[in-house]
Each structure stands twice: as structure tokens, then as C-alpha cells.
Amino acid sequence: MEFTVQQIAQFVGGTIEGNPDAVVSTFAKIEEGQPGAISFLSNPKYTHFIYDTQSTAVLIDETVELEHPVKTTLIRVSNAYECVARLLQMYEAAKPRKQGISPKADIAESATMGDNLYIGAFAVIGDGATIGNNVQIYPNAVIGDNAVVGDDAIIYPNVTIYHHCVVGKRVIIHAGAVIGADGFGFAPAENGYDKIPQIGNVVIEDDVEIGANTCIDRSTMGSTIIHKGVKLDNLIQVAHNVEIGENTVMAAQGGIAGSTKVGQWCMFGGQVGMAGHITIADKTHVGAQAGITNSIRKSGETIIGSPAWDAKGFMKSAALFRRLPDMYQQLNEIKKQLEQK
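What counts and what doesn't
- Residues numbered from 1 in each chain as written.
- Predicted model: local features only at pLDDT ≥ 70, side-chain atom pairs only at ≥ 80, totals over all residues.
- Heavy atoms only, no water.
- Helix = DSSP H or I, 4+ residues; strand = E, 2+ residues; numbered from the N terminus.
- Buried < 20%, exposed > 50% of the residue type's maximum accessible area, 1.4 Å probe, protein only.
- Contact = heavy atoms within 4.5 Å.
- Areas by Shrake-Rupley, 256 points an atom, 1.4 Å probe, with all protein chains shown as cover.
- Lys, Arg positive; Asp, Glu negative; His and termini not counted.
- Charge placed at Lys NZ, Arg CZ, Asp CG, Glu CD.
- Expected span 1.5 Å × (residues − 1).
- Arc of directions from axis to C-beta.
- Polar contact = N/O pair within 3.5 Å; in protein donor to acceptor, adjacent residues only side chain to side chain.
- Pairing = 2+ DSSP bridges.
- Phe/Tyr/Trp six-rings, centres within 6.5 Å; stacked < 30°, edge-to-face > 60°.
- Lys NZ or Arg CZ within 6 Å of the ring centre and 35° of its normal.
- Core = buried A, V, L, I, M, F, W, Y, C linked by side-chain atoms within 4.5 Å.

Notes on the overall build of the protein
Turning to step 1, where the next piece is worked out: Helix and strand content of the protein: three helices and 40 strands.
Turning to step 2, where the next piece is worked out: Once the C-alpha set of the protein is aligned to its principal axes, its extents read approximately 90 × 75 × 30 Å.
Turning to step 3, where the next piece is worked out: Counting all 341 residues of the protein, 40% fall into the buried class.
Turning to step 4, where the next piece is worked out: Residue pairs in contact within the protein that sit at least 24 positions apart in sequence constitute 17% of those at least 6 positions apart.
Turning to step 5, where the next piece is worked out: Per element, the accessible surface of the protein, about 18600 Å² overall, is 53% carbon and sulfur.
Turning to step 6, where the next piece is worked out: Distance between charge centroids for the protein: 8 Å, based on 26 positive and 36 negative side chains.

Encoded structure:
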């Protein structure tokens, strides 16, 4: 597909500096620009690339002041990163969708199937399952008995959705994810550990995206709930009876222990760990590798460290920690001087 700079500017509400009739047909990073591509500049660290980029057009924040003339055509917008996201969404939506049900798919007669579906080879749809309209289920995915998959969902290869779990509309679940495996529930007994049956399910609300090989455990009773708009990266573990609030995002390798309640609009860096049975307030921001052992009650806090605490306090302590070798040496010298007196 080809678009003129003028068409793109109209779509994103931008102002053109350069040739409005220039044509673009693909995307490229600004440092890897090529003729016919559109790039974007939102991080000041990459500003130097704009002077030599070969991209035909570049989306750039309207507040950026350039020190030298550029060869490319600029489209100035209020938020370049947001605008390129919209363009990529438009580009993705224009791609042809897979359609049709493979004769090699195994679909139970009691399953309820919507319209305009794609079901890949060796996918399995269990007894009593309900599949909405416009759903795409890729090869080797398994939808368990009485599970529900909402309209416009995309289930990528090798995803497993266990029995009675519910997946909402426009949900995307990437390859290898497991939804609804048993929670880690065991009771100590005389000869080992007795398994506690996990009789609940997982409920994933609308517009959630779940990364590859992420695991969300079913609840002991009730539901493990991932609320609307949540985005989970790859390799994340969500334990039984956890609840994650709307529009919270979590980077890769995070882990949430059982029965923890996470608020809305929270942001978690990579490898964050949360203890069980705690509450995380709305709009909490957590730095990478933080270990959260206690509830966070105040909304809007930024925390880091293990155990995690206020980011400003952590940074002050980290600065002192780096000075400990010198301080230790000074302390020994003072000790020697005192002993000589």
C-alpha cells in the first residue's frame, strides 16, 4: 500500500515541512531509513539520525527544534510515538485476515462457533466451548471444554486455554501461553503434600494482550481476573486468585503470587516479583527487579529495590552503598590512629 505524506498528515493531524506529494509504502527505524519509508523521532537520543536518514518522511514532535536542515519531509505532530502507533495499527488492520477452518482441526460437535472464523490445523475446540465472531485460532491451540473466546480474539499457535476459562473480545494471546492451569495449591501432610483442587477459572476481560509463554493460573475458588486493557509481556507468571486492574502493564519475567490484588494503570518493569495476599494501589510504578513484599496503599508511588521501597530513598541509599568501600577504609584508618594513641 502507498500513501502520500499529505494523506498521512491528514490522518494524524500533522503539519508538513517538505514535499506533501512524497509517497511512502513501508516503515523503518530512523537509523535504518530507506527511500519510500516513514520513520519517527520521539527520543532525543536519536535526533542526530534525522540529518542523514534516507527515509522519505519522519514523524516528529512539534516541539523539537532542529539545529541543521534535513533532506527528509517532516510531519510535525503533538506526539510522534502515539501517531506512529496509530499508523501501525492502520497498517496491520489493512492486512488480509486468515479465514477458513482447517479439515485437520478437531472441533467438538457441542461447541458453539461464530461467523468468519479462522481455525488452523490441529487446533482443538472442546465440548461446550463457545467461539465468537471473527476469531482467529492458530495451529495447535487448544480451547478447553466450556471455555469462551470472545469476538475478534486472536489465539496464536500452541496456546492452551483450559476448561471453563473466559477470554473477552479483542484479546490477543501469543504463542505458548497457558491460561487456566492449576494454581500452586498444596497442603502439608504427614507423607508429603496433598493437592488442593483448583475448582475456579480465569477471566480475561476485553482488549487484553498476553505475551508468549506467559502463564495465568486458575483460582482455587472464584476467578483469577485480568481486567480490561491489561498488557502482559512474555514469560510472566500470574498465580491463582490474582486480580489485575484495568490498563496495568507488566514487562517480561514478572511474577505475582497468589491472591494479590493489583490496581489500575500500574506499570511494572522486568523481573518484578510480588508476594502473595498483598494489595498494590492504582498507578503504582515499579522499577525492574523490584521485590514487593508488603502492600502499597498510596496511589501513584514509584518504588524500586528488593525489598521494594520509595525510589528516592533507594537512590540515596544506592549512592551511599557505592561509597562503602571508601568509608570502610577510612573507618579502619581512624581505628588505627585511635589505637596508636
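Moving on, there is more to tell.
Examining helix 2 (residues 80-94)
Turning to step 1, where the next piece is worked out: In a regular helix each residue adds 1.5 Å, so 15 residues correspond to 21 Å; helix 2 covers 21 Å between its end C-alpha atoms and thus fits that length.
Turning to step 2, where the next piece is worked out: For helix 2, the complete set of buried residues consists of Ala 80, Cys 83, Val 84 and Leu 87. An end-on view of helix 2 places all buried positions within 95° of arc, on one side of the element. Structural note: helix 2 exposes Tyr 81, Gln 89 and Ala 93 on the side pointing more than 90 degrees away from its buried face.
Turning to step 3, where the next piece is worked out: If you follow the buried residues of helix 2, they end up packed against helix 1 (5-12), strand 4 (26-27), strand 5 (37-41), strand 6 (57-61) and strand 7 (73-77).
Turning to step 4, where the next piece is worked out: N-capping of helix 2 is provided by Asn 79, with a side-chain oxygen placed 3.2 Å from the backbone N of Tyr 81.

Some remarks on the sheet that holds strand 36 (residues 279-280)
Turning to step 1, where the next piece is worked out: Taken together, the nine strands give an open sheet; going across it, the order is 10-13-16-19-24-27-30-33-36, and neighbouring strands pair in parallel fashion. Only two strands of the sheet have a single neighbouring strand rather than two, namely strand 10 (112-113) and strand 36.
Turning to step 2, where the next piece is worked out: Bridge count for strand 16 (residues 148-149) against strand 19 (residues 166-167) is two bridges, and the pairing is parallel. Looking at the pairing, Val 148 lines up with Val 166 of strand 19.

Here's the deal with the sheet that holds strand 21 (residues 178-181)
Turning to step 1, where the next piece is worked out: The sheet built from 10 strands is open, its strands ordered 9-12-15-18-21-26-29-32-35-38 with parallel pairing. The open sheet has two free edges, formed respectively by strand 9 (106-107) and strand 38 (291-292), since each of these has just one partner strand.
Turning to step 2, where the next piece is worked out: Here strand 35 (residues 273-274) pairs with strand 38 via two bridges, running parallel. In the sheet register, Gly 273 faces strand 38, and the bridge partner there is Gly 291.

As for helix 1
Turning to step 1, where the next piece is worked out: Buried within helix 1 we find Val 5, Ile 8, Ala 9 and Val 12. Buried positions in helix 1, seen along its axis, are confined to an arc of 100° and lie on one side of it.
Turning to step 2, where the next piece is worked out: Of the residues one or two after helix 1, Gly 13 is the one with positive phi, at around 70°.

Side note on the side chain of Ser 39
Turning to step 1, where the next piece is worked out: Structurally, Ser 39 is set in strand 5.
Turning to step 2, where the next piece is worked out: Assessed through its relative accessible area of 1%, Ser 39 is described here as buried.
Turning to step 3, where the next piece is worked out: Ignoring anything within four residues of it in the chain, the contact list for Ser 39 reads Ala 28, Lys 29, Ile 30, Ser 55, Ala 57, Val 58 and Leu 59.

Digging into the packing of aromatic side chains
Turning to step 1, where the next piece is worked out: This structure, assessed with the given rule, holds six aromatic pairs.
Turning to step 2, where the next piece is worked out: Taken together, the aromatic side chains of Tyr 118, Tyr 138 and Tyr 156 make up a single cluster linked through ring pairs.
Turning to step 3, where the next piece is worked out: Seen from the ring of Phe 11, Arg 86 lies directly overhead, with NZ or CZ sitting 5.1 Å from the centre.

Focus on the environment of Ala 212
Turning to step 1, where the next piece is worked out: Here Ala 212 shows up in the loop between strand 25 (209-210) and strand 26 (215-217).
Turning to step 2, where the next piece is worked out: Separated by 39 residues in sequence, Ala 212 and Ile 173 have C-alpha atoms that sit 7.4 Å apart.
Turning to step 3, where the next piece is worked out: With residues up to four places along the chain from it excluded, the contact list for Ala 212 reads His 174, Ala 175, Asn 234 and Leu 235.

Observations regarding the nonpolar core
Turning to step 1, where the next piece is worked out: Among the nonpolar cores identified, the biggest contains 51 residues, and Ile 137, Ile 143, Ile 161, Ile 173, Ile 204, Phe 268 and Ile 292 are the most heavily contacted of them.
Turning to step 2, where the next piece is worked out: Residue contacts for Ile 173: discarding those within four places in its chain leaves Ile 154, Ile 155, Tyr 156, Val 159, Ile 161, Val 167, Ile 179 and Ile 210.
Turning to step 3, where the next piece is worked out: Of all hydrophobic cores here, the second largest spans 15 residues; its members include Ile 38, Leu 59, Cys 83 and Leu 87.

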